[in-house]
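Listed here are the chains, written in short residue letters.
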Amino acid sequence: MKKTIIFLLLAVISLFAFPRGSVQSAAPSPYDLIAAVNELRASLDLKPLEVHSSLMAAAQGQSDYLASISPNVGNGHAGPDGSRAIDRASAAGYPLGPGWNVVECWAGTLEGVSLSTVIYDYWGDQLHWDVMTTVDGVHVGAGVSEADGRIYYILDVGVNYGSGGNAESPGGAASTIPTTAATVAAAPVKVATPQPDGSIIHTVETGQAPWSIAAAYDITVDQLYGLNNLTENDFIFVGQELLVQVAYTPTPSPTATLTPRPPTRTPIPPQTAEAVPTQEAQTDGGGFLGMNRSTTGLVLILVSGVGLALMLVSILGRDKAPEKKTKDSSAD
């Protein structure tokens, strides 16, 4: 009986002595993330990245910002003022010179997700893999923040393109953008043949970088970014097609307007002018017996008058004849 009571007392004490609920493992630290990335690089015979205090400050500041807006995180590369990784690193004091850049990986996971999952699953695509395994990586900084049951990771890598990871510090005189390749295994850029429309599409091959591609086509990196809607924080990958020259815009030729030809005129043969008799000539030649109309009229009037006079004389003569005979018979 005493043993039972003692056991119950120990059970009650244990309820208050140990925290209730499941025990959760603590989130990895920024240095845990860096160690895991350098372990990956070692497996590929790559030089480990050196921790830089300015990159550590920039990365931690970005992860804290993502945690502050959790869970409404859109583009994890954009800072509170829209800044990029290179801007934040420079503001934190990271020295930059020709050929230097800062590239970044970010991830937001639920609590309990391992670093191995973050590196090999979340960042297992070509873009993120290139950041972690770049042969031109020199320095590294990391940030880890927790909020709302989520963990936000930031990995910033300072690269000196063309150095193969052998640069001692950024901003040195020897830090220049290579003209042929951006990796330790020098990969020359083969210029693509222009398309029928004049455009040029370059397919990215292993070991090529934006700087080497731009140099091969005699354009600037900014022009290459602009043609493909890229920024300094975007990464190119093997097999990606990049536009390096737009299609020609043909100058419109003036369109010929067909104007109908006027109808061909039929030549009119020359005509000989004919003499037209005047009115006077017609009058002279159109009367009776060659007389004009006026004379003919007068003649007709005279003839008619004479005829009428003879008629009257004849009538009067017949009236007088019987009266003479009467006189004679009465006299007898």
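In this text, all values refer to a predicted model and were calculated from it rather than measured experimentally.

1. Description of the overall build of the chain
Phase 1 of the analysis: Scanning the chain for helices and strands turns up ten helices and six strands.
Phase 2 of the analysis: Counting every position in the chain, which comprises 332 residues, the buried fraction comes to 34%.
Phase 3 of the analysis: Intrachain contacts of the chain at a sequence separation of at least 6 include 66% that bridge at least 24 residues.
Phase 4 of the analysis: Within the structure as shown, the chain displays about 21500 Å² of accessible surface, and the carbon and sulfur contribution to it stands at 60%.

2. Looking at helix α6 (residues 126–133)
Each α-helix turn comprises 3.6 residues. Residues three or four places apart therefore point the same way.
Phase 1 of the analysis: All buried positions along α6 are accounted for by H128, V131, M132 and T133.
Phase 2 of the analysis: For α6, the secondary structure elements touched by its buried residues are α2 (30–43), β2 (100–110), α5 (115–122) and β4 (150–160).
Phase 3 of the analysis: For α6, the N-terminal cap is D125; the gap from its side-chain oxygen to the backbone nitrogen of L127 is 3.2 Å.

3. A short note on the sheet that holds strand β3 (residues 137–147)
Phase 1 of the analysis: If you walk across this open sheet you meet the four strands as β1-β3-β4-β2, and the pairing is mixed. With one partner strand each, in any of the chains shown, β1 (50–51) and β2 form the two edges of the open sheet.
Phase 2 of the analysis: Note: β2 against β4, eleven bridges, orientation antiparallel. Residue W100 lies in a different strand from β4, and its bridge partner there is N160.
Phase 3 of the analysis: Contacting β2 and β4, α6 crosses the sheet at an angle of about 120 degrees to β2.

4. Description of the confidence of the model for the chain
Phase 1 of the analysis: In this model, the chain carries an average pLDDT of 77, and 67% of its residues clear a pLDDT of 70 or more.
Phase 2 of the analysis: The element-level mean pLDDT for the chain is lowest in helix α9 (residues 279–285), coming to 48, with β1 highest at 96.
Phase 3 of the analysis: Throughout residues 15–24 the model reports pLDDT below 50, and contacts reaching past four residues in sequence, or to other chains, amount to one contact.
Phase 4 of the analysis: Within the model, the stretch residues 281–285 combines pLDDT values under 50 with six contacts to residues more than four positions away or in other chains.

5. Topic: unusual backbone geometry
It is generally the case that most residues other than glycine have a negative phi and that most peptide bonds are trans.
Phase 1 of the analysis: Look at the link from S70 to P71: it is a cis peptide, with omega at 5 degrees.
Phase 2 of the analysis: Looking at where P71 falls in the secondary structure, it is placed in the loop between α3 (53–68) and α4 (85–91).
Phase 3 of the analysis: The phi dihedral of D45 falls on the positive side, at around 60 degrees, and the residue is not glycine.
Phase 4 of the analysis: Of note, D45 is situated in the loop between α2 and β1.
Phase 5 of the analysis: In this structure, D218 takes a positive phi of about 60 degrees despite not being glycine.
Phase 6 of the analysis: As for its position among the elements, D218 is in the loop between α7 (210–216) and α8 (221–227).
Phase 7 of the analysis: For D218, a relative accessible area of 71% puts it in the exposed group.

Each value, and the rule that gives it
Residues numbered from 1 in each chain as written. Predicted model: local features only at pLDDT ≥ 70, side-chain atom pairs only at ≥ 80, totals over all residues. Heavy atoms only, no water. Helix = DSSP H or I, 4+ residues; strand = E, 2+ residues; numbered from the N terminus. Buried < 20%, exposed > 50% of the residue type's maximum accessible area, 1.4 Å probe, protein only. Contact = heavy atoms within 4.5 Å. Areas by Shrake-Rupley, 256 points an atom, 1.4 Å probe, with all protein chains shown as cover. Polar contact = N/O pair within 3.5 Å; in protein donor to acceptor, adjacent residues only side chain to side chain. Pairing = 2+ DSSP bridges. Axes fitted to C-alpha atoms, helices over the stretch in contact; angles between N-to-C directions. pLDDT = per-residue confidence, 0-100.

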